[in-house]
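Observations on the model geometry
The primary structure of each chain is shown beneath.
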Amino acid sequence: MTDNVMSRAPLTLSDKVNRLFATVHPRSEPERTTAAVAEQVGAQLGHIVPEDQLDRLRRGEFDSAPVGSELLTAIAQCFGVSADYLITTGAAAAAIDRELELLATMRDANVASIALRGSDVDLTTMTALVRSTDQPVERP
């Protein structure tokens, strides 16, 4: 693990939910609305999920209160990530968060695809590499 990862404080539930909204969307589109996600989550669960409930979750009102794992799993599924990201605070959640950071960096640099080998990719190095693809190539 890098020093950068080890020095981070664990993300709160609201941090993680807001990261999903901010990160998991196409580059050419704005982040999804809370209302749209609430509708999709409700459809998955088979009952209405009030938009206000997700707003409160995003504001941190549930950071220190229990939230049902079914709701968190449905939110994670809406964004295409493992439910472990929202349900746990351990290594699995940290790994998913690093992947989301990399995804955002790649999306913002308009990277279409990248092949990674190994699971211990240094985020700082990868971010620098992806950002370097956005620089003009100097030709003699």
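Small disclaimer: the values here were computed from a predicted structure and weren't measured.

**With respect to the nonpolar core**
Judged by nonpolar contacts, the single largest core of 27 residues is most densely connected at Leu20, Val41, Leu57, Ile75, Phe79, Tyr85 and Leu86. For this core, the elements supplying multiple residues, two or more each, are α2 (13–23), α3 (34–45), α4 (51–59), α5 (69–79), α6 (84–87) and α7 (91–108). Excluding its chain neighbours within four sequence positions, the residues that come into contact with Leu57 are Leu13, Ser14, Val17, Phe62, Val67 and Ile75.

**Details of α3**
With 12 residues, α3 extends 16 Å between its outermost C-alpha atoms, agreeing within 8% with the 16 Å of an ideal straight helix rising 1.5 Å per residue. When we look at burial in α3, the residues that qualify are Thr34, Val37, Ala38, Val41 and Gly42. Projected onto a plane normal to the axis of α3, the buried residues spread over an arc of 135 degrees and lie on a single side. Looking at α3, the residues exposed on the side facing more than 90 degrees away from the buried face are Glu39 and Ala43. Phi turns positive, to about 85 degrees, at Gly46, one or two residues after α3.

**Some points on the packing of α3 against α5**
Between α3 and α5, whose axes approach to 9 Å, the crossing angle comes to 120 degrees. The angle between α3 and α5 places the two elements in the oblique class. In this structure, the crossing between α3 and α5 has a hand that is right-handed. In this structure, α3 uses Val37, Gln40, Val41, Gln44 and Leu45 to contact α5, whose residues at the interface are Glu70, Leu71, Ala74, Ile75, Gln77, Cys78 and Phe79. Classifying every residue of the contact of α3 with α5 gives eight nonpolar, three polar and one charged.

The rules we used
Residues numbered from 1 in each chain as written. Predicted model: local features only at pLDDT ≥ 70, side-chain atom pairs only at ≥ 80, totals over all residues. Heavy atoms only, no water. Core = buried A, V, L, I, M, F, W, Y, C linked by side-chain atoms within 4.5 Å. Buried < 20%, exposed > 50% of the residue type's maximum accessible area, 1.4 Å probe, protein only. Helix = DSSP H or I, 4+ residues; strand = E, 2+ residues; numbered from the N terminus. Contact = heavy atoms within 4.5 Å. Expected span 1.5 Å × (residues − 1). Arc of directions from axis to C-beta. Axes fitted to C-alpha atoms, helices over the stretch in contact; angles between N-to-C directions. Parallel < 35°, antiparallel > 145°, perpendicular 65-115°, else oblique. Left-handed = near helix turned anticlockwise from the far one by under 90°. Nonpolar A, V, L, I, M, F, W, Y, C, P; charged D, E, K, R; others polar.

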